[in-house]
Structure formats: C-alpha cells, structure tokens
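An overview of the molecular structure
Listed below, chain by chain, are the residues.
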Amino acid sequence: MASLFPKRLLGRRSKATQTERVRESKHEGFLRYADFRWAKISGGLCLLVIVSYSLIDVQPRPNGGSWYGYTLGTIGALLILWLTALGYRKRRMTRDYWSLKAWTSAHVYLGLSLLVIGTWHTGFQLGWNVHTLAWALMMLVILSGMFGVAVYATLPAALSNNREQMTQMQMLEAIRAFDRQLHAAAQPLGPAETAPVLAALDEDPFAGGIRARLSGRYPKCATAAAHRALAAAQGGDAEARAKVIALLTQKEAALARLRRHLRLRALLEIWLYVHVPLTFALLAALSAHIISVFFYW
Amino acid sequence: MSFILRRIATTKTGKQIVRDQPLAGDSITLGRDSGNAIHVADLAVNPHHATISSTDGRHVRIAAQEGLGFDLNGRTLDIADIDSAAGAELRFGGHRLTIAREGEDVILRVERIDELSQASKDVDEARAFSLAGVMPGKRVGAWSFAALVLLAFLIGPIWAWHSYRSVDERPQGYHADRAWLSGPLSSAHASLKNDCQACHVEPFVAVTDKACVGCHTGEHKAMSQAHAGASTAMLLAARAPPGAGGKVLAGFAQAFNKPQGRCVGCHTEHEGAGPMAATPQAFCTDCHEGMAARLTSAGFKPGVADAGDFGTSHPDFRPLVRAAPGAQPLRATPGKGAVSDFDGLKFPHELHLSANGGVARMAASFRGRYDFGKKLECENCHRPEADGVRIAPVVMERDCAMCHSLAFETVGGVTRTLRHGEPDQVVADLYAYYRSTGPTRPLQLGGMVRRRPGQYAAGQVYNIYFRETAVRPSRAADAVRAVFSKGGACYDCHTIHAPQSGNDWRVMPVHQTPRFLQKGWFDHDAHKETACADCHIAAPKSKQASDLLVPGLTQCRTCHVGESGATLAKVETATASPCAMCHEYHSDGGKPWVPARQRKKPVTAITEPPPGRTYAVREITGPNRRGLYAVAWRRPAKWGG
C-alpha cells in the first residue's frame, strides 16, 4: 500500500504537477491512471474479502446479518453513495482535490470491487425480496458500467474512422446538398417518378427509434426505395432519371455514413440510460433494504 | 386588368427586393413545366397544375388540372372562385400563392414556404445526434424508477404493517411486506410467511421472547435447570469476551437496540425452508470454552469443566458408579486412578467372552437350543430396553440361567430349581428336599437290568439305600453351606455374608446402574451398526465385575469429531458432533431434540450392494436368533427402488 500512495502525493506539489504533465502528454486514460493504482487497490480489496470470507467461520451460517455481513454491507453501502457522487463531481469544475480522471479511475475500479463486496455480503442467500432486488439492481448498474467502459475503449476509433475528418454538421450538410440537387434534377420527371423522389426528400435522417439507432438498420429507408423505384422505371426522360439515380446513390452513401455515426454514438450513450436511472432505483432499493432490516429488527 | 407576378427576394442583410412581372392574357397557367406562365420548381407541383383566369378583372377562378388540387383555407379543392379584392392564400405543394389586388391589377405572389427536404430543416445538433432525441430523459427514468421502488418496497410494506397493527392474525393473501422476507421460514413457521407481525410486533424493536412464548406455551418455555439456577452475574461472567467480529456484532446490536440472550439468539429464523437448523455449538461454547478460569476470576465456583469442542476439548466422562461394595452411587471424578463400580456381582467378562475354555465349550454345546454361537457374545446375555436407548439390567432367570442352572431335582419330568433372589427360600427348599422324600432310587437298582451274578447282593443295595437315608439330615445342612460357600451355586456369582448372630445366610443386593452417563445422552439404538466390543473394549479382558466397562471419551472420539471436524487423532469415518448431539438444553437429562431430517432411521443403511445370493434366501428356519437388533435391508436409491 505504501508504494500506491507515494509521498509526493502528500507534499511535493511541483513534482506532482510534473508527473501530471507527463501523463497528459502520454494520453494516459482513466483506465491506466497512475499505473493502475485503483485497479490494484480494488483487486486487493476483493482478494481480502474473498480470503477472509473463506477463513472466517461465521455462525450459524454466512449471511448479511452476521458481523461479517454487517461489515461488508456498510462498506458496500458507503461505496455506492460515493460512486453515485461522480455525477455530482463531474459537474463541478475544480482544480482542487482529485482530478476528474483520478475520480473516474477510482469510480470504475471501486465499482467493480462492489461485484465481490455486494455479492459476498449476501452470503449467497438470494430470494424474491427487496434485499435481492437491491443486489440485482447493483449488478445491473455495474454490468452497464462495464459495457460503458468497454465501448469507451473500443468505439471512439471506429467513430473517428467513419467521420473521415468531417464534423457532424458537415455530414448533415452533405445530405442537404444532395437533396437540393435531387430536387433540381427531378424537375423533368413525371408525377409517377417524382413521388418516390419526394418521399426520399421528405425522409428525416434522424428518424427511426432507439432500435434503428442501435442496430443501424433502416429497412424502410425512402431513399433506397426511390433508388429501386427509379431503377425499375421505364419511359419518360431517361437522361434526367439517370442523373437522379446517380444523385440518389450518392445520398444513400452520405446517409449511411451519418447512420453509422448515429449508431456508434448511440452505443456510446445507451449504457448511461441504464446506468443512471438504475443507480437511482438502486439507491431507493438500498434505502428500503436497510430500513426494512431495522423495521422488522 | 392584368396579372402581375410579384417575386420577393430577401438578402442576407434582411433587405427585400421586390420584382413585378406583368403576365399577358386573362388566363395564365401554373405548373412545374417551364412553359407555364408561372413556373414553380416544386416536385410536389404537377407540370401543368392549374389555370388562373379572370373574366371581370376582379374575380379570379383557379382550376386545377391533372388531378392534383390545391389547398385553400385548409381544404383541398379543384376549383375555387376568389374575389381578388378580399385576397386569398392558396397552397401548391411546398409553395404559397397569394392573391391580392392593387388598383386594377391582380397581384400574384409565389413563394416557397416549406423546406426543400426534411434534412434541410434546422436541427439542434446536440439533441439530434445524441440519443436524447429518441430516449426519454435520464432524469425522468431515474426519478420514476426510484419512486416506483420506494412505493413498492418501502411505502407499501410499511402501509401493510400499519394496516394490521392492532390485528391478531392477518387475513390470508399477499401483503406488501412479504417483499421484506429475508429468507424462507423454517417448516414449523412456514404458515407465518404472510404475517410478519406475528413475530415482528413493533417496528424497530427486535423480536422479543414474548412473541415466541405467545404460541410456545408449554415446551421450551423454561431455561435449562442448570442455567436457570445460576445468577445473572454468573452467567455474564461465564461469557467469553467477544473477539473483533463479536465486537462488531455487539456494536451493531448496541447501536440499534438488539438485546442479547433472547430465544432467537439460538433459534435463528429465515435460514431457509425445511426444519429449523439445530442450534450451533458456538451458542454453548461461547461460555463453556475456558469458562472455569473466567468464573474463578470473577469469584464464582465453576461447577462443570471446560468444554470447547467434542473433538478437541471435552472433559472426561463422569459415569455414575459405586466406588465400594454397598456404597452410594456418585459421579466418578476423573483423573484419580481406575474407576471401579461395585454392583455386588462376581462376573469375569473375560472368562465368559473367551473364545475357548469351558464357557465357550458349554455355549457351543447349547447351539440349537439357544442362540449361541461357537462362543458367548455380548448380546447372548445383555438385552436392550424396548426403546433401544439403553441396555436393560441383566435378569438371572432370563440371561444367566441357560448355563447357570439352579435345578436340583426332576420330579415327573418337571425340574425343580432353587429360588433365585430368595436365600431364605433356598435354605428352606434344601432342608425340605432332604427331609420329605426318599433318596432317589439308584439307577442300578432297576430290576430288569442285567448284572453280573454276585456283584450286587441284596444287602449291598440296601446298604446304599439306607446309608443315603441315614445321612440325609446332616447332608441338608452341608448342602446349604455348600450352595452359599466357595464353589456353590450362589457364591459363584454373588457376594455372600456368612450367618452371624441372629442372621442366616445373606446375599449382597445387586445394583445394576441403568444409566451411567447422567449428563449426556447416549442412544444404543443409534449405534447398532457398531459391535459392542468396538466401544466396550475393556470387556473381553475384564477379570473383575467391578471393572467399569463404560467407554470413555477416547472410544467415542474414534468416530465422533468436533462440530467442524476438529479432532486430536486421525478418524476414519468421522461423525461431526456438535454439543446438541448429546446434550439437551431445555429439558435436562432428556433426549436431545434433533430435526426430523437428521434423525436416524430405524434401519441399517447398507449402501454397498449386498452379495449375490443375499436375496436368494427365502426363509430362514431353525430357532430365532435372539439378536440384539433386527437388521432391515433398505435398498439404496441408486438401484431405482
């Protein structure tokens, strides 16, 4: 433990700043922060819990109401409160105390240690009750957090590749440009052929619910439908139609890029829609769990 | 009158540039086709969409062609007449046609009002590109989930408790506080699973003994005699100081008002369905381990020795014995030499259990008549009580008389025996025997028996007969003396007091102790799979009846280990033995309570398949063996039975 908190943390400020600068230049993320300091602390904590659980013979049988269970439960409840405080901490811009990166690193690794602390607190007695509900919610929150860490580690690269130096608004602007051209190019077409083009123009690129966002599949895409309809059309102004078809192809490519972008962003964000609401459900269940124990003492 | 097409363009700075273009004729066309007078570049407009005409220069008729109409005041029309003085707004696809009148002219203004495409509409970048547009807000989810959980799992249960606060018994059905059940109740309490308040009467007050004895009116109401007799100060002094974990638990208990020493301290609930778990040994050893020193230092006199675990720290047994012939029975004090128990008999077990020698020969000669084998076995003389727990005292007529006959005469096929247990009667019977009947006619007097001539003269025969008769009275006294003296039938087994002044022959009373171990419970029935000599190891070598043959701690420990398997020596088939296996807390001296599941079944469990021809035997004939225990075969489950 001594090496995990070197003296420089406590006093020698200038050297600490220097270390921080080195870290910034190396783009050290929250996972690798301070040479996995919090991973080591959290791993040690888990190991301590597992080993002591196997060594301590709790009478009459391990459960949350034994002294060991109380200890783990108290530690777990305090940890949950502290982990929830990340939402508060990240909204407070401050140079004091811990950097947000250090806080996040501790949040991730100590959150993972709750898998062991919370589960071992149960003494492996689970049932259909508020106590197990609190445990299950905690597990869901942790699992969603693990998903979040995983996508943060892997998806930004894919997001960057897909954008190819474009900003989001540039992607949208490209689609708008194709729309204008399509509109102009389709003028010579007859009513039967303009209808699918109009539908393609009327299509909202941000339409489609959460399912379309996460899967990236848009089976009712009007642009693709217009492409098919015009490719099958006969007669009329063939030259104009060929131009429209070419434009539709280009718009489809631009749409596909935007949709890939939307999908990656959805994957990056969706876990928070589980993590945050379930955290509050967990806090409620935890309160009910603790109060119920003392209510029916 | 003329139609004037007015176009208004807005510059980036917001300036408007108005261009008017007169259109020739009373009738003009509007459409997407460039040949129209009013050319609307809108895919939603037909190539020749409508004709705008006026006959009087004031009223304008708009007629749609090619099927698609136009919108006027929210309705789709194909034809409309409009007073240009009043003006109107018409809608063709994404464009608006405004009709107005300025002087003599009808002003037509066409402008695009819809965006060219859906994508061209303004978007809020932060919202459109994130999930915020397609998901309900995180805050909404957070607060609604939290509220739901609190409602269902906190407010609901408290409401359920509040509703039935002053009700003796809740109605059947689901109650919201069922969600608080921390674990299934034991089978005895299973019916209370919907009625938390049966035990948890007051909120934030730990379950009280009052709730238990409300139903448990009879049994288990009192503490053990030994513990009830001790003062509270003594009981507190006996308790071991808590370790680190105990301090944590005590801290919680203290902080949250959870008193110690309640029924539920030992009888823990919510530990799972099925019978309530037997009380673990820690509830005894918390005090009894190292108790003597604590009691002594607190100024109390310890009454019992320390016991921490049967496998490692248990005091020696203190069987109830008579330390000298005729002494009062007292519990033996261990560590003071060999313990003797004088029951008044002379019985060398060694002689009787020996594999060869007179006893074995005699037993072998009785095979077929009694259930003897080639030698005597324990169960040939010792029988269990009806309940199987203890061994019944030996009864002479039943258990000894097979060999130790007290018969002295056969009259007409009936054997006369001396009366056992009544020495006065024995004396009287012997005197009567020699006085009342003539001597048995010697066999050689039989008249039909062939004899060598001259061998038995008549005088000789009479001599035999009359000599017998002459000596009879004095022989009766001799016979009595002989029976009570060394070599005599009584003396062989009993301690005899010779006649003294005023007394005749006396036999010392026999006291067979029915239960040697008064404080612990030993059940022979539970041990019937074990041979007697496996535990009573001293029996085959015992030469004195006063040898105490009750097994000691060492014999028990060859199988019985501590609750958690602790043991001093290696044990082959270990039986975990918590305190409650032998000691009962509530009813001193009674049989310890055991959950039904753990009770031994009255059969011998045989898990190995029996040898091939075991089941081929249909019937066993011959005399019934008087075995100690009937052995029943139980087919193991793995054979599908």
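**Let's talk about the overall build of chain B**
Per the secondary structure count, chain B includes 17 helices and 20 strands. When the 641 residues of chain B are sorted by exposure, 17% land in the buried category. Taking as baseline every contact in chain B between residues at least 6 positions apart, the subset at least 24 positions apart corresponds to 47%.

**Focus: the sheet that holds strand S5 (residues 50–53) of chain B**
Residues and elements named next belong to chain B. The strand order across the open sheet formed by five strands is S4-S3-S5-S6-S9, and the pairing between neighbours is mixed. Two strands in the sheet have a free side with no partner beyond their single neighbour: strand S4 (38–39) and strand S9 (79–83). The pairing of strand S6 (residues 59–64) with S9 spans five bridges and is antiparallel. Pairing of Ala63 across the sheet is with Ile79, part of S9.

**Side note on the nonpolar core**
In this structure, A:Leu182, A:Val197 and A:Val244 are the most contacted members of the largest nonpolar core, which totals 50 residues. Ranked by the residues each element gives to this core, the list is headed by helix H11 (residues 238–295) of chain A, at eleven residues. For A:Val244, the contacting residues outside a window of four places in its chain are A:Leu182, A:Ala185, A:Ala186, A:Leu189, A:Val197 and A:Leu230. Ranked by size, the runner-up nonpolar core spans 41 residues in total, among them A:Ala281, A:Ala284, A:Ala288 and B:Trp180.

**Comments concerning the pairing of strand S3 (residues 27–31) of chain B**
Residues and elements named next belong to chain B. Across four bridges, the pairing between S3 and S5 is antiparallel. Paired with Ile28 across the strands is Ile52, a residue of S5. In terms of strand pairing, S3 meets S4 through two bridges, oriented parallel. Each bridged residue has a counterpart across the sheet, and for Leu30 the counterpart in S4 is Ile38.

**Focus: the sheet that holds strand S12 (residues 105–112) of chain B**
The pairing of strands in a sheet comes from backbone hydrogen bonds and takes either a parallel or an antiparallel form. Residue and element names in this part refer to chain B. Strand order in the open sheet formed by seven strands is S2-S1-S12-S11-S10-S7-S8, and the pairing between neighbours is mixed. The open sheet has two free edges, formed respectively by strand S2 (16–23) and strand S8 (75–77), since each of these has just one partner strand. When the angles between neighbouring strand axes are averaged without regard to direction, this sheet yields 30°. Here strand S11 (residues 95–102) runs beside S12; their pairing, made up of eight bridges, is antiparallel. If you follow Leu97 over to S12, its bridge partner there is Val110.

**Some remarks on the interface of chain B and chain A**
Counting residues at the interface gives 54 residues for chain B, matched by 61 residues for chain A. Examining the composition of the side of chain B that touches chain A, we find that eleven residues originate from one element, helix H2 (residues 138–163) of chain B, more than from any other. Considering only residue class, the side of chain B that touches chain A consists of 35 nonpolar, 14 polar and five charged.

**A closer look at the environment of B:Arg7**
Along the chain, B:Arg7 turns up in strand S1 (residues 3–10). Note: C-alpha distance between B:Arg7 and B:Arg19 (twelve residues apart in sequence) is 5.2 Å.

**As for helix H10 (residues 222–232) of chain A**
All names here are of chain A. Every buried residue of H10 is listed here: Ala222, Thr223, Ala226, His227 and Leu230. Seen from one end, H10 has its buried residues packed into an arc of 145°, which puts them on one side. Relative to its buried face, H10 has exposed residues pointing more than 90 degrees away, namely Ala231 and Ala232. Residues of H10 that are buried in the fold lie against helix H8 (191–202) and H11.

**Points about helix H2 (residues 33–55) of chain A**
Residues and elements named next belong to chain A. The first and last C-alpha atoms of H2 sit 33 Å apart over 23 residues, in line with the 33 Å expected at 1.5 Å per residue. Among the residues of H2, those classed as buried are Tyr33, Ala34, Trp38, Ala39, Ser42 and Val49. Here the buried face of H2 lies against helix H3 (67–84) and helix H5 (100–121).

**So, the packing of H8(A) against H10(A)**
All names here are of chain A. Two elements in contact, H8 and H10, have axes separated by 8 Å at closest approach and are oriented at 165°. With respect to each other, H8 and H10 are oriented roughly antiparallel. You can see that H8 and H10 cross each other, and the crossing is left-handed. Within the contact between the two elements, H8 uses Glu193, Pro196, Val197, Ala199, Ala200 and Asp202 and H10 uses Ala222, Thr223, Ala225, Ala226, Ala229 and Leu230.

**Considering the packing of helix H6 (residues 130–163) of chain A against H11(A)**
Relative orientation and spacing of two packed helices are given, respectively, by the angle between their axes and the distance between those axes. All names here are of chain A. Between H6 and H11, whose axes approach to 8 Å, the crossing angle comes to 160°. Classed by the angle they form, the pair H6 and H11 counts as roughly antiparallel. H11 is crossed by H6, and the crossing has left-handed handedness. Of the residues belonging to the contact of H6 with H11, the class tally is 24 nonpolar, ten polar and three charged.

**Some words on the confidence of the model for chain A**
Averaged over every residue, the pLDDT of chain A is 87; residues scoring 70 or more account for 90%. Of all the helices and strands in chain A, helix H1 (residues 13–26) of chain A carries the lowest mean pLDDT, 63, while H6(A) carries the highest, 94.

**Some details on unusual backbone geometry**
All names here are of chain A. For Ala34, which is not glycine, the phi torsion reads 50° and is therefore positive. With respect to the helices, strands and loops of the structure, Ala34 is situated in helix H2. Its 20 C-beta neighbours within 10 Å are what place Ala34 among the buried residues. Residues other than glycine seldom take positive phi values, yet Glu164 does so here, at roughly 50°. Considering the arrangement of structural elements, one finds Glu164 in the loop between H6 and helix H7 (168–185).

**Notes on the environment of B:Val480**
All names here are of chain B. Residue position: Val480 is located in helix H15 (residues 458–484). In this structure the C-alpha to C-alpha distance between Val480 and Tyr431, which are 49 residues apart in sequence, comes to 8.0 Å. Val480 has contacts with Val427 and Leu430, leaving out every residue within four places of it along the chain.

Thresholds applied
- Residues numbered from 1 in each chain as written.
- Chains lettered and ligands numbered in written order.
- Predicted model: local features only at pLDDT ≥ 70, side-chain atom pairs only at ≥ 80, totals over all residues.
- Helix = DSSP H or I, 4+ residues; strand = E, 2+ residues; numbered from the N terminus.
- Buried ≥ 20, exposed ≤ 12 C-beta atoms within 10 Å, placed from the backbone.
- Contact = placed C-beta atoms within 7 Å.
- Pairing = 2+ DSSP bridges.
- Core = buried A, V, L, I, M, F, W, Y, C linked by C-beta atoms within 7 Å.
- Axes fitted to C-alpha atoms, helices over the stretch in contact; angles between N-to-C directions.
- Nonpolar A, V, L, I, M, F, W, Y, C, P; charged D, E, K, R; others polar.
- Arc of directions from axis to C-beta.
- Expected span 1.5 Å × (residues − 1).
- Parallel < 35°, antiparallel > 145°, perpendicular 65-115°, else oblique.
- Left-handed = near helix turned anticlockwise from the far one by under 90°.
- pLDDT = per-residue confidence, 0-100.

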